[in-house]
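# Reading the structure
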Amino acid sequence: MNKKRSENIVSLFEIFVSLERKWMNDWNHLNEVGLSKTHILILQILETEGLKRPSILAEQLQITTGGVTVLTSKLIKDGFVQKCQNERDRRAYNLEITDSGKNLLHSARSQINQQIQNMFGMLSDEEIQNLRDIFYKCLMGQKQ
């Protein structure tokens, strides 16, 4: 790899890390729902895809099952998610979003949409599409 390319990649990484930090700081500063982005993502998955075993959620989120347990314990305690017995395996359970969870998710989406607009609103439609394509390419390249 030539020196200029290497410098540009390092700079890109630094910008990406700063962007993620800004995203997290904005989320924490403006957070009206009191949950992390991962909590919201769990609710989103359960709403759109239905019942899920914790192990499947762990795979989708690329975290450990212990991590899912910690995250969903709060959601269960707060009444946003409930455990349901797995019909195929009585020893296992599935997770399901509750009506309260759906209501909270609706509120969170408004906050997320505002944050997305603040972060990317100045970009043209073409720039957004290019950025999306680039991020997707980076994500898929890492899985190969």
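The structure this text deals with has already been given above.
This text gives an overview of the structure that appears in the document.

Thresholds applied
Residues numbered from 1 in each chain as written. Predicted model: local features only at pLDDT ≥ 70, side-chain atom pairs only at ≥ 80, totals over all residues. Heavy atoms only, no water. Helix = DSSP H or I, 4+ residues; strand = E, 2+ residues; numbered from the N terminus. Rg over C-alpha atoms; globule rule 2.2 N^0.38 Å. Buried < 20%, exposed > 50% of the residue type's maximum accessible area, 1.4 Å probe, protein only. Contact = heavy atoms within 4.5 Å. Areas by Shrake-Rupley, 256 points an atom, 1.4 Å probe, with all protein chains shown as cover. Lys, Arg positive; Asp, Glu negative; His and termini not counted. Charge placed at Lys NZ, Arg CZ, Asp CG, Glu CD. Phe/Tyr/Trp six-rings, centres within 6.5 Å; stacked < 30°, edge-to-face > 60°. Lys NZ or Arg CZ within 6 Å of the ring centre and 35° of its normal. Expected span 1.5 Å × (residues − 1). 1 Å grid on protein atoms, 1.4 Å probe; cavity = no way out; pocket = protein on both sides within 12 Å on 5 of 7 lines; lining within 4 Å. Points joined across faces, edges and corners; volume = space filled by probe spheres on them. Nonpolar A, V, L, I, M, F, W, Y, C, P; charged D, E, K, R; others polar.

With that settled, consider the overall build of the chain. The number of helices and strands found in the chain is 6 helices and 2 strands. Of the regular secondary structure in the chain, the N- to C-terminal order runs α-α-α-α-β-β-α-α. Here the chain has a C-alpha radius of gyration of 18 Å; the compact-globule value for 144 residues is 15 Å, and the former is much larger. Taken over the C-alpha atoms alone, the chain extends approximately 60 × 35 × 25 Å along its principal axes. Among the 144 residues that make up the chain, the fraction classed as buried is 24%. A fraction of 50% describes how many contacts in the chain between residues 6 or more apart in sequence connect residues 24 or more apart. For the chain, the accessible area works out to roughly 10,400 Å², and carbon and sulfur atoms hold 52% of it. Each charge class in the chain was averaged separately, 19 positive and 17 negative side chains, and the resulting centres sit 6 Å apart.

Looking now at the packing of aromatic side chains. Any pair of aromatic rings gets described here by the distance separating the centres and the angle formed by the planes. Taken as a whole and assessed by the stated rule, the structure comprises 2 aromatic pairs. Residues Phe16 and Phe135 carry aromatic rings whose centres are separated by 6.0 Å and whose planes lie at 80 degrees to one another, so their mutual orientation is edge-to-face. With a gap of 119 residues between them, Phe16 in helix H1 (residues 3-30) and Phe135 in helix H6 (residues 125-143) connect regions that are remote in the sequence. Above the ring of Tyr93, the side-chain terminus of Lys83 is found at 4.5 Å from the ring centroid.

This brings us to helix H4 (residues 65-77). Between its terminal C-alpha atoms H4 stretches 18 Å, which fits the 18 Å expected from 13 residues at 1.5 Å a residue. Val68, Leu71, Thr72 and Leu75 are the residues of H4 that are buried. Packed against the buried residues of H4 are helix H2 (37-49), helix H3 (54-61), strand E1 (81-85) and strand E2 (93-97). Taken from the residues just after H4, Gly79 is the one with a positive phi, measuring 85 degrees.

Taken as a whole, the largest pocket encloses approximately 1,400 Å³ of empty space. Around the largest pocket, the lining comprises 35 residues; the ones closest to its centre are Phe16, Glu20, Trp23, Phe120 and Phe135. Breaking the lining of the largest pocket down by element, the ones donating at least two residues are H1, H2, H3, helix H5 (99-120) and H6. With 11 residues, the single largest contributor to the lining of the largest pocket is H6. The class makeup of the residues in the lining of the largest pocket is 24 nonpolar, 6 polar and 5 charged. Along its surface, the second largest pocket is lined by Leu51, Arg53, Cys84, Gln85, Asn86, Glu87, Arg88, Asp89 and Asn94. Taken together, the residues that form the lining of the second largest pocket break down as 2 nonpolar, 3 polar and 4 charged.

Here Asp89 is to be found in the loop between E1 and E2. Judged by its relative accessible area of 24%, Asp89 falls in the partly exposed class. Residues Asp89 and Phe120 lie 31 residues apart in sequence; the distance between their C-alpha atoms is 45 Å.

Excluding glycine, most residues fall at negative phi; most peptide bonds, likewise, are trans. In this model, Gln62 sits at a positive phi of 55 degrees, which is unusual for a non-glycine residue. Position of Gln62 among the secondary structure elements: in the loop between H3 and H4.

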